[in-house]
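# Observations on chain architecture
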Amino acid sequence: MTTALPPGQRERPDFPRFGLTPFAKRFPTQTEHIHISVSGLTEAVIEIGREQLDALERVEQTSDFHCVTTWSHLGLHWSGYRFKDIYDRLIAPAVIDPTQVKVLILKAQDGARTTLLLEDALADDVLLADQLNGEPLDVAHGGPVRLVAPSQYGYKSAKYLHKIELCPDDSTFRPAAFRFMDHPRGRVALEERGRIFPGWLLRRVYRPMIGPTVRLFARELTRFHANRGE
Ligand SMILES: Nc1nc2c(c(=O)[nH]1)N[C@H]1C(S)=C(S)[C@@H](COP(=O)(O)O)O[C@H]1N2
Ligand SMILES: [Mo]
């Protein structure tokens, strides 16, 4: 069976390290231990680490990954925890008024941040992944732990996740780059690449940036490993 690519996407045989160019040089400080703190609209800050995750069911999932710049990598095999389980079991019990929680602000160890509607985060295929293709998640792809939201563009899948803020709306969110590059939902099937400009226009703007960005991110990763003596 062949899966049709979503509108405007092109298949890439490799899965490159990728992001906004300022993040090419930024890396997590904690690459071993999982630590995510959840705050906002809760009675107290919730700390999630290996111990809390171990109590949940481990899930395996094969899904495609779609970057807003139009590259897609098909058939990644992730392993981790369903975000819905994390929310229901670890977060929701401490939420003061569940009807208030509409948006999650996701913050990463490299300073990247993004939003996700709670409704989208609770979809069955949204994972907190700590393994990729049978190996522990490496620094290139967001280790020790990242979000994977296959139905949204890649920029919603925060690598090196370490903070989640529960919010009633996205009014406190400052995007890492220009506002037009960010969409509140970012659904791939609907080509919600950004706000303001239509998807077909953003395709043309973004596509030429793929090659140089992939090379930059690869170069900086090599430098990171060299500095650590790896
Ligand atoms: N923390 C963090 N998360 C991030 C990014 C980043 O630079 N930093 N880039 C985003 C973008 S634009 C994409 S396409 C994917 C790329 O994931 P990969 O580097 O594992 O291929 O991560 C997303 N999550
Ligand atoms: Mo992306």
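Residues numbered from 1 in each chain as written. Chains lettered and ligands numbered in written order. Predicted model: local features only at pLDDT ≥ 70, side-chain atom pairs only at ≥ 80, totals over all residues. Heavy atoms only, no water.

Attention now moves to the side chain of Gln-109. Here Gln-109 shows up in the loop between β6 (103–108) and β7 (113–117). Residue classification places Gln-109 among the buried residues on the basis of a relative accessible area of 19%. At 3.0 Å, the side chain of Gln-109 forms a polar contact with the backbone nitrogen of Thr-29. Beyond its immediate stretch of four places on either side in the chain, Gln-109 contacts Phe-27, Pro-28, Thr-29, Gln-30, Pro-144, Tyr-160 and His-162. (Helix = DSSP H or I, 4+ residues; strand = E, 2+ residues; numbered from the N terminus. Buried < 20%, exposed > 50% of the residue type's maximum accessible area, 1.4 Å probe, protein only. Polar contact = N/O pair within 3.5 Å; in protein donor to acceptor, adjacent residues only side chain to side chain. Contact = heavy atoms within 4.5 Å.)

Our next topic: the site of ligand 1. Around ligand 1, the surrounding shell holds 21 residues, and the nearest of these are Pro-16, Asp-110, His-141, Arg-146 and Lys-159. At 2.9 Å, a backbone N or O of Phe-18 approaches an oxygen atom of ligand 1. In the environment of ligand 1, an oxygen atom lies 2.7 Å from a nitrogen or oxygen atom belonging to the side chain of Arg-146. Looking at the shell around ligand 1 residue by residue, the classes come out as 13 nonpolar, four polar and four charged. (Near = heavy atom within 4 Å. Nonpolar A, V, L, I, M, F, W, Y, C, P; charged D, E, K, R; others polar.)

On to the layout of surface pockets, then. For the largest pocket, the calculated volume is near 880 Å³. Lining the largest pocket are 40 residues, with Phe-18, Gly-19, Leu-20, Phe-23 and Tyr-155 sitting closest to its centre. Here the lining of the largest pocket is built from residues that sort into 25 nonpolar, eight polar and seven charged. If you trace the second largest pocket, you find it lined by Thr-31, Glu-32, Ile-34, Arg-50, Asp-130, Pro-136, Leu-137, Asp-138, Val-139, Gly-143, Pro-144 and Arg-228. Here the lining of the second largest pocket is composed, by residue class, of five nonpolar, two polar and five charged. (1 Å grid on protein atoms, 1.4 Å probe; cavity = no way out; pocket = protein on both sides within 12 Å on 5 of 7 lines; lining within 4 Å. Points joined across faces, edges and corners; volume = space filled by probe spheres on them.)

With four bridges connecting them, strand β2 (residues 35–39) and strand β3 (residues 46–49) associate as antiparallel partners. Bridge pairing links Val-38 to Ile-46 in β3. Here β2 folds back onto β3 in antiparallel fashion, the turn holding six residues, of which Gly-40 has a positive phi close to 90 degrees. Bridge count for β2 against strand β11 (residues 161–167) is three bridges, and the pairing is parallel. When the bridges of β11 are listed, Ser-37 appears paired with Lys-163. (Pairing = 2+ DSSP bridges.)

What follows concerns the side chain of Gln-152. As for its placement among the helices and strands, Gln-152 is situated in the loop between β10 (146–148) and β11. Separated by 2.6 Å, the side chain of Gln-152 and the backbone oxygen of Arg-185 make a polar contact.

A word on unusual backbone geometry. Of note, the amide linkage connecting Gly-143 to Pro-144 takes the cis form, showing an omega dihedral of 15 degrees. Relative to the helices and strands, Pro-144 resides in the loop between β9 (135–136) and β10. Positive phi values are uncommon outside glycine, yet Leu-41 reaches one of about 60 degrees. Relative to the helices and strands, Leu-41 is located in the loop between β2 and β3. Even without a glycine there, the phi angle at Glu-191 is positive, about 50 degrees. Inspection of the secondary structure puts Glu-191 in the loop between β11 and α4 (199–206).

Let us now look at helix α5 (residues 210–227). Its 18 residues place the ends of α5 26 Å apart at the C-alpha level, agreeing with the 26 Å of an ideal helix rising 1.5 Å per residue. All buried positions along α5 are accounted for by Ile-210, Thr-213, Val-214, Leu-216, Phe-217, Glu-220, Leu-221 and Phe-224. In a view along the axis of α5, the buried residues occupy a sector of 165 degrees, so they form one face of it. Exposed side chains of α5 directed beyond 90 degrees from the buried face belong to Arg-215, Thr-222 and Ala-226. Those residues of α5 that are buried are in contact with β5 (71–82) and α4. Following α5 by one or two positions, Gly-229 adopts a phi angle in the positive range, close to 70 degrees. (Expected span 1.5 Å × (residues − 1). Arc of directions from axis to C-beta.)

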